[in-house]
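# Examining the three-dimensional arrangement
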Amino acid sequence: RALAGRRGTLVVQPRIATHPDLADIALNALPTVRVVTILDEVGRPEVVSATFRFASVEHAAVDNMKAGGLIAAVDLATGALGVACKGYGGDDHAAHPATGATIVGRELPGWLQVKALGVRAHAEAFGDYALIGWDIAMTPEGPVLIEGNGKPGVLMPQRAARRGLGGGRYGELLAHHLATKA
């Protein structure tokens, strides 16, 4: 809701709460999952990558890796997390370094709805974009779309999954789009 303030118009939004199943690894920052969708060979959005992002220290206000956050690959079928690491290097973590809570194997709450939200947002609002990275928060009320990124980056999913993007659907669909634009 917009309010008139002394310095101009302000936008006031409710604070988004973290799903309780993630509270022990969220700390004080809202964790998100970067879900990358790419249009498939017939023009339908397909989830090709997912990376969970979460704070590594108590005082962090955001989850992103540029602020020292942790990242973990997400199994696309189950929503289970892999080993976490700092985005720009550092130790691997099977448990959260600040809380000791288990990371590896933890399933993200509402995973099927998270994927469906990314696919739906791509199809309904940005069907002319080949590739989009969606930052989605898991809340007690269900997934919430935080933002879409037209340039979602390639370092994060490769670092989290510990493999390149070329061998899977991400690489196949990028190659498809490059070939059809040539």
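Use the structure listed above.
Just so we're clear, the structure is a prediction, and the values are computed from it rather than from any experiment.

### Details of the packing of aromatic side chains
Tallied over the full model, the rule gives 3 aromatic pairs. Ring geometry for Phe-126 against Trp-134: centres 6.0 Å apart, planes inclined by 50°, an arrangement best described as tilted. Residue Phe-126 is classed as partly exposed on the basis of its relative accessible area of 34%. Since its relative accessible area comes to 2%, Trp-134 is described here as buried. One aromatic cluster is present, formed by Phe-126, Tyr-129 and Trp-134 through successive ring pairs.

### What to know about the sheet that holds strand S6 (residues 81-86)
The strand order across the open sheet built from 7 strands is S7-S6-S5-S4-S3-S8-S9, with neighbouring strands paired in antiparallel fashion. Two strands bound the open sheet, and with one partner strand each, they are strand S7 (92-93) and strand S9 (142-149). Bridge count between strand S5 (residues 70-74) and S6: 4 bridges; the pairing is antiparallel. The partner of Ile-71 across the bridge, within S6, is Cys-85. Along the sheet face, helix H4 (residues 169-181) touches strand S3 (32-39), strand S4 (45-54) and strand S8 (131-139) and points at about 40° away from the line of S3.

### A look at the side chain of Thr-51
Relative to the helices and strands, Thr-51 is located in strand S4. Apart from residues lying up to four places away in sequence, Thr-51 is in contact with Thr-32, Val-33, Arg-34, Ile-71, Ala-72, Val-74, Met-156, Pro-157 and Ala-160.

### Quick word on the nonpolar core
Counting residues in hydrophobic clusters, the biggest one holds 24 residues, and the most contacted among them are Val-33, Phe-52 and Leu-108. For this core, the secondary-structure elements that each account for two or more residues are S3, S4, S5, S6, helix H2 (111-125) and S8. Those residues in contact with Val-33, other than ones at most four positions away along the chain, are Ala-50, Thr-51, Phe-52, Val-74, Leu-108, Trp-111, Val-114, Trp-134, Asp-135, Ile-136 and Met-138. In this structure, Ile-38, Leu-165, Tyr-170 and Leu-173 belong to the second largest nonpolar core, which totals 7 residues.

Quick notes on the rules
Residues numbered from 1 in each chain as written. Predicted model: local features only at pLDDT ≥ 70, side-chain atom pairs only at ≥ 80, totals over all residues. Heavy atoms only, no water. Phe/Tyr/Trp six-rings, centres within 6.5 Å; stacked < 30°, edge-to-face > 60°. Buried < 20%, exposed > 50% of the residue type's maximum accessible area, 1.4 Å probe, protein only. Pairing = 2+ DSSP bridges. Helix = DSSP H or I, 4+ residues; strand = E, 2+ residues; numbered from the N terminus. Contact = heavy atoms within 4.5 Å. Axes fitted to C-alpha atoms, helices over the stretch in contact; angles between N-to-C directions. Core = buried A, V, L, I, M, F, W, Y, C linked by side-chain atoms within 4.5 Å.

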